[in-house]
Amino acid sequence: MSTNVLTRRPAVRSLLAENGALGALIVLAVALSLLSPDFLTVTNLLNVGVQAAVTAILAFGATFVIITAGIDLSVGAVAALSAIVLAWTATEAGLPWPVATVVALVVGLACGLVNAALIAYGKLPPFIATLAMLGVARGLALVVSQGSPITMPDAVSHLGDTIGGYLPVPVLVMALMGIIAAVILNRTYPGRAMYAIGGNEEAARLSGIAVNRQKLVTYALSGVFAAVAGIVLASRLASAQPQAASGYELDAIAAVVIGGASLSGGKGRAFGTLVGALILAVLRNGLNLLSVSSFWQQVVIGVVIALAVLLDTLRRRGAN
Amino acid sequence: MNGAEEILRVEGLGKTFPGVVALDGVDFDLRAGEVHVLLGENGAGKSTLIKMLSGAYQPDAGRILLDGSPVHIRTAAEARRLGIATIYQEFNLVPQLTVAENLALGRPPRRFGFVDTRRMHDQARELLDRVGIDVDPRARVAELGIARMQMVEIAKALALDARVLIMDEPTAVLTTGEVERLFTMVRQLRDRGVAIVFITHHLEEIARLGDRVTVLRDGRSVREVPATTPQDELVRLMVGRPIDQQYPRAAGDPGAPLLKVSGLTRAGAFAGVSFEIRAGEVVGLAGLVGAGRTEVARAVFGADPYDSGEVLMDGRPLPRTNVRAAMEAGLGLVPEDRKGQGLVLGADVAENLGLVTLSRSGRGGFVDRAGRRKEAGEVAGRLGVRMSNLGQEVRTLSGGNQQKIVIGKWLLADARVLILDEPTRGIDVGAKVEIYQLINSLTASGHAVLMISSDLPEILGMSDRVLVMARGRLVGELDAAQATQDAVMALAVTEVEETRVH
Ligand SMILES: Nc1ncnc2c1ncn2[C@@H]1O[C@H](COP(=O)(O)OP(=O)(O)OP(=O)(O)O)[C@@H](O)[C@H]1O
Ligand SMILES: [Mg+2]
């Protein structure tokens, strides 16, 4: 009957369309557990979680930006700068670590606000504004640290530890930031406004959404998420390094896009981004377990990113 | 010319989208040298049908015959090769490119391998002359108003010299003058033997231009009748019931002034525009395309800047270019270009309907999702939006139903002065009456409406007062009794002649 065709096919299709990346992650995990006996162990999986955490937190921030049809290339550099500032204020300036942490988050926020001001009021293309910020933040990280790593305060370094000896704190922070991102996107005014702005900025403006103000919120969030990612990374390494997180912005963008967001805006979800970040981490982990050379790893990851997005595009076209 | 020669035939055509049967067995044939009108309610399947003739969609069932033999039209290029040109309901112009570049898109004239700009502009000018609009070929399409875009779109289709020309609601955004010009062109093409498919919701156009009419209802072709069929009969075939009153305006006594505009001026667009709108009024704003009506509306609403003058709501001046402030003061604007300015096409029906009220629907910092959905469902029901559910992407709604969404989101906002720019563009006769009823209930509750429309009968039928603009100036005001088609047109053109003389 025609009703069957109507109800069944779209159900399967929309399941695929919603969770395409999740399907890819499952396939990848199954393949790797068949190929390597070490993959499907608790220790290794938690390890993957830790590997994914920094990228995922950066990527949650990037999700906000990409949904508004923008781009933020500065997140890796802002992460490094925030971590350096934390370590410096706590050790060199001798402030208590909670104050230092707040200062670091404020630095991330400030970088985001500067990006947003350049984009919203200076009308710079996001690519250019955040590329400039990438240079500035990285440079400042080098200036403050005078080019060498700074030890993180002990209290903050515990962020890199585990709870009860097995549950890594970075994974918890990742989950927490993911939930915050999801709630902001789905349940708050700024979140819904991001989708509208990315979908059709003019329609959003004529519907009374204060587009410039919402862009400030968007890039500020991206900056704060970057600062959190930087702190998590530095605590894992027990020291803040000025060159840390170089190139992570591209991983973050890749995770967001693999997770189903569109660079042309209006689409994207926190859960998809999490899956995207996990795909990247699982892939790296698996290739390591299979002792693939790091040169080939880059090739494989490049191909996988292209394939993931290609599949997504094809699926969407099929759905039309 | 042999008028009986059949070019195109469609048999049992069907098309299903996820959750919707858009076409469910359509038969239709097209002869050389005829204008064949497709008539049907919003969402009946007209656009879907022609998209299968132009290669945009593939049918799931049935077949298409061209000159008696079955064809599979897989791409737009293939349709073009078969001699089928299409003017879509939604524009297909590249806004960032110039008019000339758009007209030559895909096949620009070349010299030594480079684009021959001079020849491209000459060809563009020739085409623009043929459709009779005064547009600089070097102007960017994004800068044109919606009516001029439509004329460029028509010129683009003419450039193809097709045997079959399909026009999906070309007159929806045109004013009387342009419609006349378009009709002259269509008649010339028809006399040269071109077969024309014409979609319109303006019933009076059918008898004037058409030869035959195929009526679609719920994805099926229900009847084929001659274009001379009386309008009442057409409505009955299309909607399934008669409509007794096309313009059910119930005017009350105007109350206190709500919106006051004085001396509004922007160089090159409009000058010295002053008017007042009182509670309970429907004020029509008439004029030719390019008269500056939309520009004034947008400036009043804060969407665009102005150089001098003042906009007052309840006696308090509104800041310039501040949509939010205008909204908070109780102004609303349904923009003319639903695709570019009214809708987030990739978002669903509920999201779009709740866009204007988004900032108000908070509950403890969080958006009240259930409440928004409920409101959206109610307004969609009131407007009779045809959709599979509130989660349907607006992109996939029919043109008329998209328009209902743009109106709906402003109904939810409950603006005290609602500016409607071409509100019934693309809306079928039955649904138009529903919208007029809604306008009546708005004004009955003390709200006011400023209505811009290129559909003069609509302006005359629904307005308590008509303002006429020409060349950026307000040239006259007529009350309902004085406002006739001739009186409005006389005002709309005289000033144009005068400014030309100067
Ligand atoms: N891509 C699509 N996906 C899902 N549904 C679609 C799609 N395209 C069209 N539809 C549905 O098919 C039906 C017919 O739409 P169509 O655009 O053909 O109507 P129409 O007769 O042209 O109406 P209008 O007068 O409003 O332009 C509508 O219910 C519409 O929602
Ligand atoms: Mg249509």
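**Points about the overall build of chain A**
Turning to step 1, where the next piece is worked out: Regarding its fold elements, chain A presents 13 helices and 4 strands.
Turning to step 2, where the next piece is worked out: The globule rule puts the C-alpha radius of gyration for 320 residues at 20 Å, and the 20 Å found for chain A is close to it.
Turning to step 3, where the next piece is worked out: When its C-alpha atoms are laid out on the principal axes, chain A stretches across 75 × 55 × 35 Å.
Turning to step 4, where the next piece is worked out: Of all 320 residues assigned to chain A, the portion counted as buried reaches 49%.

**So, the side chain of threonine 294 of chain B**
Turning to step 1, where the next piece is worked out: Inspection of the secondary structure puts threonine 294 of chain B in helix α9 (residues 293-301).
Turning to step 2, where the next piece is worked out: Setting aside residues no more than four positions away along its own chain, threonine 294 of chain B makes contact with Glu336, Asp421 and Ile452 of chain B.

**A closer look at the coordination of the magnesium ion (ligand 2)**
Residue and element names in this part refer to chain B.
Turning to step 1, where the next piece is worked out: Protein coordination of the magnesium ion (ligand 2) is provided by Ser47 (OG) and Gln89 (OE1), with donor distances spanning 1.9 to 2.2 Å. Here serine 47 is found in helix α1 (residues 46-53), whereas its partner glutamine 89 is found in the loop between β6 (84-87) and α3 (99-103), with 42 residues between them in sequence. We note that serine 47, like glutamine 89, is buried.

**So, the site of ligand 1**
Residues and elements named next belong to chain B.
Turning to step 1, where the next piece is worked out: As a structural note, the neighbourhood of ligand 1 is formed by 22 residues, with Lys46, Ser47, Thr48, Ser398 and Gly400 the closest of them.
Turning to step 2, where the next piece is worked out: Side-chain polar atom of glutamine 392 to an oxygen atom of ligand 1: 3.5 Å apart, as the coordinates give it.
Turning to step 3, where the next piece is worked out: Glycine 400 is positioned such that a nitrogen or oxygen atom in its backbone is 2.7 Å from an oxygen atom of ligand 1.
Turning to step 4, where the next piece is worked out: At the level of elements, β2 (20-31), α1 and α14 (399-413) are the ones that each hand at least two residues to the shell around ligand 1.
Turning to step 5, where the next piece is worked out: Broken down by element, the shell around ligand 1 gets its largest block of residues, 3 residues, from α1.

**Overview of the interface of chain B and chain A**
Turning to step 1, where the next piece is worked out: Each partner contributes residues to the interface: chain B has 35 residues there, and chain A has 25 residues.
Turning to step 2, where the next piece is worked out: Of the roughly 2,200 Å² buried between chain B and chain A on both sides combined, carbon and sulfur atoms contribute 58%.
Turning to step 3, where the next piece is worked out: Inspection of the chain B/chain A interface yields 2 salt bridges.
Turning to step 4, where the next piece is worked out: Note that arginine 192 of chain A is salt-bridged to glutamate 351 of chain B, the shortest N-O span being 2.9 Å.
Turning to step 5, where the next piece is worked out: Only β1 (6-17), β2, α9, α10 (323-328), α11 (338-342), β20 (366-367), α13 (369-383) and α14 of chain B provide two or more residues apiece to the side of chain B that touches chain A.

**Notes on a nonpolar patch on the surface**
Residue and element names in this part refer to chain A.
Turning to step 1, where the next piece is worked out: There is a patch of nonpolar side chains on the surface, built from Val114, Leu118, Leu124, Phe127, Ile128 and Leu131 and spanning about 480 Å² of accessible area.
Turning to step 2, where the next piece is worked out: For the nonpolar patch, the secondary-structure elements that each account for two or more residues are α4 (97-120) and α5 (126-145).
Turning to step 3, where the next piece is worked out: The element best represented in the nonpolar patch is α5, accounting for 3 residues.
Turning to step 4, where the next piece is worked out: Considering the arrangement of structural elements, one finds isoleucine 128 in helix α5.
Turning to step 5, where the next piece is worked out: Of the residues examined, isoleucine 128 reaches a relative accessible area of 43% and is grouped as partly exposed.

**A word on the sheet that holds strand β15 (residues 282-287) of chain B**
Strands belonging to one sheet form pairs held by backbone hydrogen bonds; the direction of such a pair is parallel or antiparallel.
Residue and element names in this part refer to chain B.
Turning to step 1, where the next piece is worked out: In spatial order, the strands read β18-β21-β22-β15-β23-β24; together these 6 strands make up an open sheet with mixed pairing. Of all the strands in the sheet, just β18 (331-334) and β24 (473-479) have a single pairing partner and so form its edges. If you compare each strand with its neighbour and ignore which way they point, the axes differ by 20 degrees on average.
Turning to step 2, where the next piece is worked out: By the bridge criterion, 5 bridges tie strand β21 (residues 417-421) to strand β22 (residues 448-452) in an arrangement that is parallel. If you follow leucine 418 over to β22, its bridge partner there is valine 449.
Turning to step 3, where the next piece is worked out: Helix-sheet contacts for α9 involve β15, β18, β21, β22 and β23 (465-470), and the interaxial angle to β18 is about 145 degrees.

**Thoughts on the nonpolar core**
Turning to step 1, where the next piece is worked out: Ile57, Leu58, Phe60, Phe64, Met152, Met174 and Phe225 of chain A are the most contacted members of the largest nonpolar core, which has 82 residues in total.
Turning to step 2, where the next piece is worked out: Tallying contributions element by element places helix α2 (residues 42-67) of chain A first for this core, with 14 residues.
Turning to step 3, where the next piece is worked out: Among the nonpolar cores identified, the runner-up in size contains 72 residues, and Ala291, Ala303, Val379 and Val394 of chain B belong to it.

**What to know about the sheet that holds strand β16 (residues 308-313) of chain B**
All names here are of chain B.
Turning to step 1, where the next piece is worked out: One open sheet accounts for 4 strands, arranged β14-β13-β16-β17; its pairing is antiparallel. Looking at the sheet topology across the chains shown, the edges are occupied by β14 (270-278) and β17 (316-317).
Turning to step 2, where the next piece is worked out: Strand direction decides the pairing type here: β16 and β17, joined by 2 bridges, are antiparallel. Of the residues in β17, the one forming a bridge with methionine 313 is arginine 316.

**Comments concerning the side chain of glutamine 89 of chain B**
Residue and element names in this part refer to chain B.
Turning to step 1, where the next piece is worked out: Of the residues examined, glutamine 89 reaches a relative accessible area of 9% and is grouped as buried.
Turning to step 2, where the next piece is worked out: Here serine 47 takes part through its side chain, which lies 2.9 Å from a polar atom of the side chain of glutamine 89.
Turning to step 3, where the next piece is worked out: A polar atom in the side chain of glutamine 89 sits 3.1 Å from the side chain of glutamate 169.

**Some thoughts on the domain arrangement of chain B**
All names here are of chain B.
Turning to step 1, where the next piece is worked out: When the domains of chain B are assigned, the result is domain 1 (6-239), domain 2 (243-330 + 416-431 + 445-502) and domain 3 (339-415).
Turning to step 2, where the next piece is worked out: When each unit is reduced to the centre of its C-alpha atoms, the spacing between domain 1 and domain 2 is 31 Å.
Turning to step 3, where the next piece is worked out: If you look at the interface, domain 1 gives 22 residues, while domain 2 gives 14 residues.
Turning to step 4, where the next piece is worked out: Of all residues in domain 1, the largest losses of buried area upon contact with domain 2 belong to Asn42, Thr175 and Thr176, amounting jointly to 29% of the total for that side.
Turning to step 5, where the next piece is worked out: Remark: the boundary between domain 1 and domain 2 carries 0 salt bridges.
Turning to step 6, where the next piece is worked out: Taken together, domain 1 and domain 2 are joined by 2 residue pairs in polar contact (both at pLDDT 80 or more).
Turning to step 7, where the next piece is worked out: Breaking the side of domain 1 that touches domain 2 down by element, the ones donating at least two residues are α5 (146-158), α6 (176-191) and α8 (231-239).
Turning to step 8, where the next piece is worked out: Among the residues making up the side of domain 1 that touches domain 2, the classes are represented as 10 nonpolar, 7 polar and 5 charged.

Rules behind the numbers
Residues numbered from 1 in each chain as written. Chains lettered and ligands numbered in written order. Predicted model: local features only at pLDDT ≥ 70, side-chain atom pairs only at ≥ 80, totals over all residues. Heavy atoms only, no water. Helix = DSSP H or I, 4+ residues; strand = E, 2+ residues; numbered from the N terminus. Rg over C-alpha atoms; globule rule 2.2 N^0.38 Å. Buried < 20%, exposed > 50% of the residue type's maximum accessible area, 1.4 Å probe, protein only. Contact = heavy atoms within 4.5 Å. Donors = N, O, S within 2.8 Å, 3.2 Å for Na, K, Ca; no water. Near = heavy atom within 4 Å. Polar contact = N/O pair within 3.5 Å; in protein donor to acceptor, adjacent residues only side chain to side chain. Buried area = accessible area lost by both parts, 1.4 Å probe. Salt bridge = Lys/Arg side-chain N within 4 Å of Asp/Glu carboxyl O. Patch = residues over 30% accessible without salt bridge, like charges linked within 9 Å, V, L, I, M, F, W, Y side chains within 5 Å. Areas by Shrake-Rupley, 256 points an atom, 1.4 Å probe, with all protein chains shown as cover. Pairing = 2+ DSSP bridges. Axes fitted to C-alpha atoms, helices over the stretch in contact; angles between N-to-C directions. Core = buried A, V, L, I, M, F, W, Y, C linked by side-chain atoms within 4.5 Å. Domains from an automatic or database assignment. Nonpolar A, V, L, I, M, F, W, Y, C, P; charged D, E, K, R; others polar.

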